[in-house]
Amino acid sequence: MPLSESLNLNSFQTKTPSDVAEACDIIRHSASTLDAIVPSGSGSKMHIGYSPSRNGVILCTKNLNKLVDYPARDMTVTVQAGILVKDLTEMLNKENQRLPIDDPYPGESSLGGLLATNTSGPRRFGWGTLRDYVIGISILNDEGRETKAGGRVVKNVAGYDFCKLHTGAFGTLGIISQVTLKVRPNPEASSMVLLSLNSANVESVLDRVHTTKTRPVAVELLNRNALQQPLFKNLDLSSDYCLFVGFEHGAEAVKWQTETLAPELSDVPGKIDIIHGPSDSAIWRNLGMFQSTRIPGSPLTFKANIPSSKVASWCALASDTLPGLSLQSHAGSGIVFGHLPGDVSRQMAFDAITLLLQKAVRYQGNLVIPYCLEDWKSDFPVWGQVRPDIKIMRKVKESLDPKAMFNPGRFVDHI
Amino acid sequence: MKRLLDSLKNIVGPDAMITAASELMVYECDGFTIEKNRPDVVVFPTTTEQVSRIVDACNYFKVPFLPRGAGTSLAGGCLPVGGGVVISLARMKKIFDVDYRNRCALIEAGVINLWLTNHLKPHGYHFAPDPSSQGACTIGGNVATNSGGPHTLKYGVTVNHVMGVEFVMPDGEIIHTGGPVEDNPGYDLTGVIVGSEGTFGVAVKSWVRITRNPDTYRTLLGVFNSVDDATNTISEIIGAGIVPAALEMLDQMILGALEDAFHFGFPLDAGAILIMEVDGLEAGIDTEAERITSIAVKNGAREVRKADTEAKRTLLWKARKQAFGAVGRLASSFCTQDGVVPRSKLPHILREIQKIGAKYDLKICNVFHAGDGNIHPILLFDERYPDQVKRVLEASGEILDECIRVGGSVTGEHGIGVEKIDFMAKLFSPDDIAMMIRLRNAFNPTNNCSPQKMLPTAGACIEASKAGRMAAM
Ligand SMILES: Cc1cc2nc3c(=O)[nH]c(=O)nc-3n(C[C@H](O)[C@H](O)[C@H](O)COP(=O)(O)OP(=O)(O)OC[C@H]3O[C@@H](n4cnc5c(N)ncnc54)[C@H](O)[C@@H]3O)c2cc1C
């Protein structure tokens, strides 16, 4: 990974424990020396957030990667958190099952990293996000002890739901050592309907897709700049926007939906393409990867969360503000990723981000910056606008990590 | 206390509080009736500010308080341990804002679960968590206990449908977590508040997801000669990668009671029946229904009937959801247990339940969310005989211990409350519980809000407290 793509961890030593006991020893040692601990899995997301506020060690979980239990007939799997998502996927696939969460770094991400960053992609519209799949979790806490919550059954309300709390906590509350997941059967079939759109039609088409008779599991909107990126270049699309509507169900249901959606939208000017599996699988993957691609020279990537109904107007505002912007929206869920063009100055970027953030906040959403040049982080709103519930978050942090050992300063409001 | 009552009167007015002993009796307990304790006062706020001021007053006078919805909890979550103030959300019933385009709604805590779904129906939407008590229980109660229901097999439990809350913290502060937009940055406070059984504060409003109704259903009734055949069928349906909308089992004893009550035409000589429902688009649904039918037949189903009219389907679900009510026909008292096992262990746990029933000479019937592995054995007895009560308690304990032994849990949806506190130490290590106490301290450091719920207190004697532990009678 190029240096510009990582937090400032120069004086950090990396420790790679071979088992949980060794990891606990490292934590206990750090607790006595008050060193920071920066958890890492495969390292694919080590650029996200602020650099730690104290020196210490990187605790790499890549060797905590064992399969613990996979009772496929119960549709659950228990693994150590350092396992690579691709290895988990391969294992599940042998039983014709899957975790329907898109991995933007196929081949690289560890499960623990995916969980700590609450990563998701196009399928979230139909299948939900990681918080919907984690049913049990083990955490190495600030005292270097492995503690657990949840369990191995799909329905369970005994005790507080730490699974939710650690999902998306960016490793600031402890180290995820083991996870039990609910899994799904692989869908029998899938397809993608692609619609080329003019800017003027985006809003009304999104509204209509919202009430379509079909049940898409992904509704993805990409703008012209995004369509020019290598991930999508071979599709040869050059309209203002392209809408990708994805289906994953039984074969008959997919066929019917594909055949139904196209005529539903036949009065919309623009071309409609239908892509059936297996050639659609590359498109699904690439849509999942767009958020993690680096456009050459691009200094910043943002992620906005807004109401689904505001996606079209917000994207229009964003494109007007920065014409070179490459945009992708998980439009059904109101998530928008944008890569800034290479030629913007720091000031232009700052002004644009400030405007877009304000607009998102007005819609009760927010905007965060998963990637930017390291020295921009001092004044850019890396974690968006801080909300009043930060007070409670701080109390949770102080209670679970009183010495502020885990990723100090990295997450929202430098928590 | 007098001064506290005066303060409360100032806040909510005299018509929104109960202090007379005769009226307070209703609030001594919830659906778990074995332990009772009278609160000092019940208040009925109508705004978030009132809730916050009530909490301030309780803290000022150092009196414990407890949120309450409809009081249908089966785990004693509403038991006012140590008396104090019950804050009833029952008068906060507004459905503010339903945003169909963005598929979410803002509603007050006292809204009854079924009202919300009825409200959404004309627009083709519903609120997915559908506990059997949905005609009575509140959304606030669902949020607090993370309720499930028959259709949560496919659609997920309450936490999967709550996007944010307006919440009064135990120190009286009003906070908002999450909201109508997904993925706000920071910790998923909403996710831990759901299921915290009132120990983190009072949920006053919630942003909930609303779900599009499926186009169509196929509701099948698999009739089996034995419980074993039925549980093997469940295990195989799940194992085959089919995710039905609902998969519920009823055994012979409960069928008899239901037939008396609803005249559905259940086969009374069947060992067990399975309600198997698939839903979604018309395209492909018959194929799915056929797959399920053939798995049932392969596992010994003697017939698979179809509830092929809307009227039949509605009656079938009514019968299922009111099954607990019909149990009154079988015995004067009953105890509904709630446990979970991995789904492949269902045949085993049902056999164990039978053995345990025989060992303690108790009748036990079963009606439960089979697709999730969430069992609800109902132990029948007569509460006038202390010996029977004792046997029911011991048998319940043994069933739950077996759930733990095979890798399950002691509650899938009813919660820990006061009923199952003693089981926490069997499921979790002292370190695990210490982390839960730390988390509670972040929200509720004085433990003045819902004291003595969910988590065991250090030094509590398990055996001594056992006599009072029982689920809904
Ligand atoms: C016949 C019957 C069938 C049932 N079937 C099911 C079922 O299928 N699935 C299922 O999950 N449960 C079921 N239950 C249990 C119960 O109905 C649920 O737990 C329900 O969610 C409780 O809602 P309530 O409004 O009655 O809450 P209450 O019983 O009033 O309260 C339950 C708990 O939540 C807390 N609480 C209530 N409101 C709030 C609030 N606004 N803020 C914070 N805390 C609050 C209380 O302090 C208490 O701890 C059943 C119960 C009965 C009697």
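Thoughts on the pairing of strand β20 (residues 377-381) of chain B
For a regular strand, side-chain orientation follows a simple rule: the groups alternate between the two sheet faces. All names here are of chain B. Judged by how many residues are buried, β20 sits mostly within the fold: five of five residues are covered. Burial along β20 is two-sided: the face carrying P377, L379 and F381 and the face carrying I378 and L380 are both buried. With four bridges joining them, strand β16 (residues 333-336) and β20 adopt antiparallel strand pairing. Directly across from T336, in β20, lies its bridge partner I378. As judged from the four bridges shared by strand β18 (residues 363-368) and β20, these two strands associate in the antiparallel manner.

Considerations on the domain arrangement of chain A
Residues and elements named next belong to chain A. The domain boundaries assigned to chain A delineate domain 1 (1-186 + 386-415), domain 2 (189-279) and domain 3 (300-376). When each unit is reduced to the centre of its C-alpha atoms, the spacing between domain 2 and domain 3 is 23 Å. Contacts between domain 2 and domain 3 engage 12 residues on the former and 17 residues on the latter. The junction of domain 2 with domain 3 conceals about 1000 Å² of combined surface from both sides, 45% of it contributed by carbon and sulfur atoms. The largest per-residue losses of area from domain 2 upon contact with domain 3 belong to E220, L221 and N225, which jointly make up 37% of the total buried on that side. Viewed at the interface, domain 3 and domain 2 are joined by zero salt bridges. Viewed at the interface, domain 3 and domain 2 are joined by nine residue pairs in polar contact (both at pLDDT 80 or more). When residues of the side of domain 2 that touches domain 3 are traced back to their parent elements, those giving at least two are α6 (202-210), β12 (218-223) and α7 (224-227). Here the side of domain 2 that touches domain 3 gets five residues from one element, more than from any other, and that element is β12.

Structural notes on the site of the ligand
Residue and element names in this part refer to chain B. Contacts to the ligand come from 34 residues, most closely from P67, G69, T72, S133 and T138. Between the ligand and the protein, one listed contact pairs an oxygen atom with a backbone N or O atom of G69 at 2.7 Å. Backbone polar atom of G141 to an oxygen atom of the ligand: 3.4 Å apart, as the coordinates give it. Alone, the ligand offers 970 Å² of accessible surface; in the complex the protein occludes 94% of this.

Some words on the packing of helix α13 (residues 346-359) of chain B against helix α14 (residues 386-405) of chain B
Residue and element names in this part refer to chain B. Close contact between α13 and α14 brings their axes to 10 Å; oriented N to C, the two are set at 155°. Taken as axis vectors, α13 and α14 run roughly antiparallel relative to one another. As α13 packs across α14, the resulting crossing turns out to be right-handed. Residue-level inspection shows H348, I349, E352, I353, I356 and K359 of α13 in contact with α14, the latter providing A395, E398, I399, E402, C403 and R405. Taken together, the residues that form the contact of α13 with α14 break down as six nonpolar, one polar and five charged.

Considering the interface of chain A and chain B
Tallying the contact residues gives 77 residues for chain A and 86 residues for chain B. Taken together, both faces of the contact between chain A and chain B bury some 6700 Å²; the carbon and sulfur share is 54%. When the area that chain A buries against chain B is broken down by residue, the three leading residues are K155, V157 and Y160 of chain A, summing to 15%. Between R145 of chain A and D431 of chain B there is a salt bridge, with the nearest N and O atoms lying 3.1 Å from each other. Counting every contact that joins chain A to chain B gives 36 residue pairs in polar contact (both at pLDDT 80 or more). With eight residues, the single largest contributor to the side of chain A that touches chain B is helix α12 (residues 390-400) of chain A.

Points about the sheet that holds strand β7 (residues 134-140) of chain A
All names here are of chain A. If you walk across this open sheet you meet the five strands as β4-β5-β9-β7-β8, and the pairing is antiparallel. Lying at the two open borders of the sheet, with one neighbouring strand each, are β4 (67-69) and β8 (146-150). Averaged over all pairs of adjacent strands, the angle between their axes in this sheet comes to 20°, without regard to strand direction. In this sheet, strand β5 (residues 76-80) lies alongside β4 in antiparallel orientation, the contact comprising two bridges. Paired with L67 across the two strands is V79, which belongs to β5.

Topic: the pattern of salt bridges
Residues and elements named next belong to chain B. As enumerated under the stated definition, the model contains 54 salt bridges over all chains in all. For the salt bridge of R351 with D228, the shortest nitrogen-to-oxygen distance reads 2.9 Å. One end of the pair, R351, is in helix α13; the other, D228, is in helix α8 (residues 227-239), with 123 residues separating them in the sequence. As a salt-bridge pair, R313 and E310 come within 3.8 Å of each other at their nearest N and O atoms. Within this pair, R313 and its partner E310 are both found in helix α11 (residues 310-321), separated by three residues, close to a single helical turn. Judged by its relative accessible area of 12%, R313 falls in the buried class.

Section: the domain arrangement of chain B
The domain boundaries assigned to chain B delineate domain 1 (2-88), domain 2 (95-212) and domain 3 (216-405). One C-alpha centre belongs to domain 1 of chain B, the other to domain 3 of chain B; they are set 37 Å apart.

Brief notes about empty space enclosed by the protein
Residue and element names in this part refer to chain A. One pass over the structure, following the stated rule, counts five cavities of 30 Å³ or more. Taken as a whole, the largest cavity holds about 290 Å³ of empty space. Around the largest cavity, the lining comprises 22 residues; the ones closest to its centre are P39, S40, G41, G113 and A116. At the level of secondary structure, the elements contributing two or more residues to the lining of the largest cavity comprise β2 (36-40), α3 (111-116) and β9 (175-182).

What counts, and at which threshold
- Residues numbered from 1 in each chain as written.
- Chains lettered and ligands numbered in written order.
- Predicted model: local features only at pLDDT ≥ 70, side-chain atom pairs only at ≥ 80, totals over all residues.
- Heavy atoms only, no water.
- Buried < 20%, exposed > 50% of the residue type's maximum accessible area, 1.4 Å probe, protein only.
- Helix = DSSP H or I, 4+ residues; strand = E, 2+ residues; numbered from the N terminus.
- Pairing = 2+ DSSP bridges.
- Domains from an automatic or database assignment.
- Contact = heavy atoms within 4.5 Å.
- Buried area = accessible area lost by both parts, 1.4 Å probe.
- Salt bridge = Lys/Arg side-chain N within 4 Å of Asp/Glu carboxyl O.
- Polar contact = N/O pair within 3.5 Å; in protein donor to acceptor, adjacent residues only side chain to side chain.
- Near = heavy atom within 4 Å.
- Areas by Shrake-Rupley, 256 points an atom, 1.4 Å probe, with all protein chains shown as cover.
- Axes fitted to C-alpha atoms, helices over the stretch in contact; angles between N-to-C directions.
- Parallel < 35°, antiparallel > 145°, perpendicular 65-115°, else oblique.
- Left-handed = near helix turned anticlockwise from the far one by under 90°.
- Nonpolar A, V, L, I, M, F, W, Y, C, P; charged D, E, K, R; others polar.
- 1 Å grid on protein atoms, 1.4 Å probe; cavity = no way out; pocket = protein on both sides within 12 Å on 5 of 7 lines; lining within 4 Å.
- Points joined across faces, edges and corners; volume = space filled by probe spheres on them.

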